[in-house]
Amino acid sequence: MKIGILTSGGDCPGINATIRGVCKTAINHYAMEVIGIHSGFQGLLTKDVETLTEQSLSGLLNLGGTMLGTSREKPFKRGGIISDVDKPSLILRNVSELGLDCLVCIGGNGTQKTAAKLAAMGLNIVSIPKTIDNDIWGTDFSFGFDSAVSIATEAIDRLHSTASSHKRVMVIEVMGHKAGWIALYSGMAGGGDVILIPEIPYNIHNVGETILNRLKKGKPYSIVVVAEGIQTDGRKRAGEYIAQEIEYETGIETRETVLGYTQRGGSPTPFDRNLSTRMGGHATELIANGQFGRMITLKGNEISSVSLDEIAGKLKLVTEDHDLVVQGRRMGVCFG
């Protein structure tokens, strides 16, 4: 059997470990031939490929980024590298000409949606969820999330010391346009006093009151963790907007820090390395068993899969009854 593998969308820690998990299992256990496709679906349109061997997979486990490269190419939308052809039909033709029996797609929500559409056209597809935002429906966790949370938590830990020294409010902005998972997990792990996420509306007066109440209790500094996608005035970044509003509400010196793409770079955590390895191996097992049109998932501690039809176009968002939100409120954390 001959399989193709590509990575699409934004980079995140654990992609290379996933490629390694898929390909080493395919080559060593199932004697499959593996073709690496460069630059996501763009490489599938231009047939920019290479044969992967066990030697070419060496040293990938702890390496950040993606050895195959990636792109934001969306074959079911106009534009991109080729705009004057029927891209889905070209992909089907190229897959046939390359002799691929199956395509492994590693990516986030957009990739899962594209994979589902290609599967509906008749391609044998197995996909693996990748995102630091952890917002892919159907899986408890996606690889990359734990690494991003670890980076954000370390940054929050460091801000505690400078906030305490200067008796300031420190606002830290983390990634998360629609889902606040990184802000929630890193904010709770880092001892955030205020955590603002897109899913839970906030009142800036409540935020200011929380900080002033801490001051009255002899706590002269506060840590505020915000997801980039929270509602603002539309003219400023989330961190800048909240910092200015807090200073206006409280009169306390307030500074903001924006982590940005730092959260997506570097080596994956041990948890993400192991999750990537497990997901990659299970993907190859599905291929060997002829189970296509599915996305790998983590449910509890079990690696499984769901139909791509079930997950495409859905987002997994934080809810008010999530145990970390409930417990945070019991402990006095302000969510807005």
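Residues numbered from 1 in each chain as written. Predicted model: local features only at pLDDT ≥ 70, side-chain atom pairs only at ≥ 80, totals over all residues. Heavy atoms only, no water.

1. Quick word on a positive patch on the surface
Taken together, the side chains of Arg72, Lys74, Lys77, Lys113, Lys117 and Lys178 define a basic patch exposed on the protein surface. Secondary-structure assignment places arginine 72 in the loop between strand S3 (49-52) and helix H3 (87-98). Among the residues examined, arginine 72 registers a relative accessible area of 55% and is labelled exposed. (Patch = residues over 30% accessible without salt bridge, like charges linked within 9 Å, V, L, I, M, F, W, Y side chains within 5 Å. Areas by Shrake-Rupley, 256 points an atom, 1.4 Å probe, with all protein chains shown as cover. Salt bridge = Lys/Arg side-chain N within 4 Å of Asp/Glu carboxyl O. Lys, Arg positive; Asp, Glu negative; His and termini not counted. Charge placed at Lys NZ, Arg CZ, Asp CG, Glu CD. Helix = DSSP H or I, 4+ residues; strand = E, 2+ residues; numbered from the N terminus. Buried < 20%, exposed > 50% of the residue type's maximum accessible area, 1.4 Å probe, protein only.)

2. Focus on the sheet that holds strand S7 (residues 194-196)
Ordered in space as S7-S8-S6-S9, the four strands form an open sheet in which the pairing is parallel. With one partner strand each, in any of the chains shown, S7 and strand S9 (254-258) form the two edges of the open sheet. Each strand axis lies, on average, 15° off the axis of its neighbour in the sheet, ignoring direction. In terms of strand pairing, strand S6 (residues 169-174) meets S9 through five bridges, oriented parallel. Along S9, the bridge assignment pairs valine 169 with threonine 254. Here helix H5 (residues 145-166) sits on the sheet in contact with S6, strand S8 (222-227) and S9, set at roughly 165° to S6. (Pairing = 2+ DSSP bridges. Axes fitted to C-alpha atoms, helices over the stretch in contact; angles between N-to-C directions. Contact = heavy atoms within 4.5 Å.)

3. A look at the pattern of salt bridges
Scanning the model with the defined rule gives 13 salt bridges in all. Residue glutamate 173 is joined to arginine 237 by a salt bridge in which the shortest nitrogen-to-oxygen separation is 2.4 Å. In this pair, glutamate 173 is assigned in strand S6 and arginine 237 in the loop between S8 and helix H8 (238-250), connecting sequence segments 64 residues apart. With a shortest N-O distance of 3.1 Å, lysine 236 and aspartate 233 are connected by a salt bridge. Assessed through its relative accessible area of 26%, lysine 236 is described here as partly exposed. Residues joined in a network through salt bridges with shared partners are Arg168, Glu247, Glu253 and Arg255.

4. Things to note about the packing of helix H1 (residues 15-29) against helix H9 (residues 270-288)
Relative to each other, H1 and H9 sit at 40°, their axes nearing to 7 Å. The angle between H1 and H9 places the two elements in the oblique class. Along this stretch, H1 crosses H9, giving a crossing that reads as right-handed. Each of Ala17, Thr18, Arg20, Gly21, Val22, Thr25 and Ala26 in H1 lies in contact with H9, whose residues at this interface are Arg273, Ser276, Thr277, Gly280, Gly281, Ala283 and Thr284. Looking at the contact of H1 with H9 residue by residue, the classes come out as four nonpolar, eight polar and two charged. (Parallel < 35°, antiparallel > 145°, perpendicular 65-115°, else oblique. Left-handed = near helix turned anticlockwise from the far one by under 90°. Nonpolar A, V, L, I, M, F, W, Y, C, P; charged D, E, K, R; others polar.)

5. A short note on the sheet that holds strand S2 (residues 33-37)
Pairing in this open sheet of seven strands is mixed, and the strands run S3-S2-S1-S4-S5-S10-S11 from one edge to the other. Unpaired on one side and paired on the other, S3 and strand S11 (302-307) mark the two borders of the sheet. In this sheet, neighbouring strand axes are inclined to one another by 30° on average, regardless of whether the strands run parallel or antiparallel. For strand S5 (residues 125-129) and strand S10 (residues 294-299), the ladder comprises two bridges, and the chain directions are parallel. Among the inter-strand pairings, serine 127 is bridged to a residue of S10, identified as methionine 295.

6. Topic: unusual backbone geometry
Even without being a glycine, lysine 47 presents a positive backbone phi close to 55°. Unlike most non-glycine residues, asparagine 134 shows phi in positive territory, near 60°. With respect to the secondary-structure elements, asparagine 134 resides in the loop between S5 and H5. Looking at asparagine 134, the relative accessible area reads 1%, which means it is buried.

7. Notes on the nonpolar core
Grouped together as the largest cluster of nonpolar side chains are 75 residues, with contacts concentrated most on Ile5, Ile19, Ile128, Val224, Ile242 and Ile246. With eight residues, the top contributor of residues to this core is H5. Each residue touching isoleucine 19, except ones within four places of it in the same chain, is listed here: Ile5, Thr7, Leu57, Leu60, Thr66, Met67, Leu68 and Ile106. Ile35, Ile37, Leu118 and Val306 belong to the second largest nonpolar core, which has 23 residues in total. (Core = buried A, V, L, I, M, F, W, Y, C linked by side-chain atoms within 4.5 Å.)

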